[in-house]
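Secondary and tertiary structure notes
Here are the chains, one letter per residue:
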Amino acid sequence: QVQLVESGGGLVQPGGSLRLSCAASGSIFSIYAMAWYRQAPGKQRELVAAITSDGTTNYVSSVKGRFTVSRDGAKNTVYLQMNSLKPEDTAVYYCNAHLLAHTSRTPFNYWGQGTQVTVSS
């Protein structure tokens, strides 16, 4: 069994910062990539940022220069540092991990439960 647990969401004023964390636990053999997605009300879920096991990162254009994704391989944890937050960043943020579990022969995508980020004055 694999679990992803997110933390760090909340209410912040425009221009403020938040740091999200996501820890993967359970019967994990190898993590290939971890990512953050978000879904705003009435919109589709979108990829915000991703990081591979070798440290390669990718961002949606709307957050480039403001958000930074990083990971601690030893802790199976991914972070999302969000600066200069805007009201349009308001969404539920979901952690995703593409990993191979000890109990499987093929890698799968696993999801966290989501954490709410609200940017409002």
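Heads up: these notes are all about the structure in this document.

The rules behind these values
- Residues numbered from 1 in each chain as written.
- Predicted model: local features only at pLDDT ≥ 70, side-chain atom pairs only at ≥ 80, totals over all residues.
- Heavy atoms only, no water.
- Pairing = 2+ DSSP bridges.
- Helix = DSSP H or I, 4+ residues; strand = E, 2+ residues; numbered from the N terminus.
- Axes fitted to C-alpha atoms, helices over the stretch in contact; angles between N-to-C directions.
- Disulfide = S-S within 2.5 Å.

Taking strand neighbours across the sheet as the criterion, the 4 strands line up as β1-β3-β8-β7 in an open arrangement whose pairing is antiparallel. Each of the sheet's edge strands pairs with one partner strand only, and the pair in question is β1 (2–7) and β7 (67–72). Across this sheet, the average inter-strand angle for adjacent strands is 15 degrees, counted without regard to direction. Alignment of β1 against strand β3 (residues 18–26), held across 6 bridges, turns out to be antiparallel. Looking across to β3, one finds that Leu-4 is bridged to Ala-24.

With that settled, consider the state of the cysteines. Here the structure, examined in full by the defined rule, presents 1 disulfide. Disulfide pairing is shown between Cys-22 and Cys-95; the S-S distance is 2.0 Å. Classification of the bridge connecting Cys-22 and Cys-95 rests on its S-S torsion, roughly -80 degrees, and on that basis the disulfide is left-handed. Residue Cys-22 is located in strand β3, and its partner Cys-95 is located in strand β9 (residues 91–101); the two are separated by 73 residues in the primary sequence.

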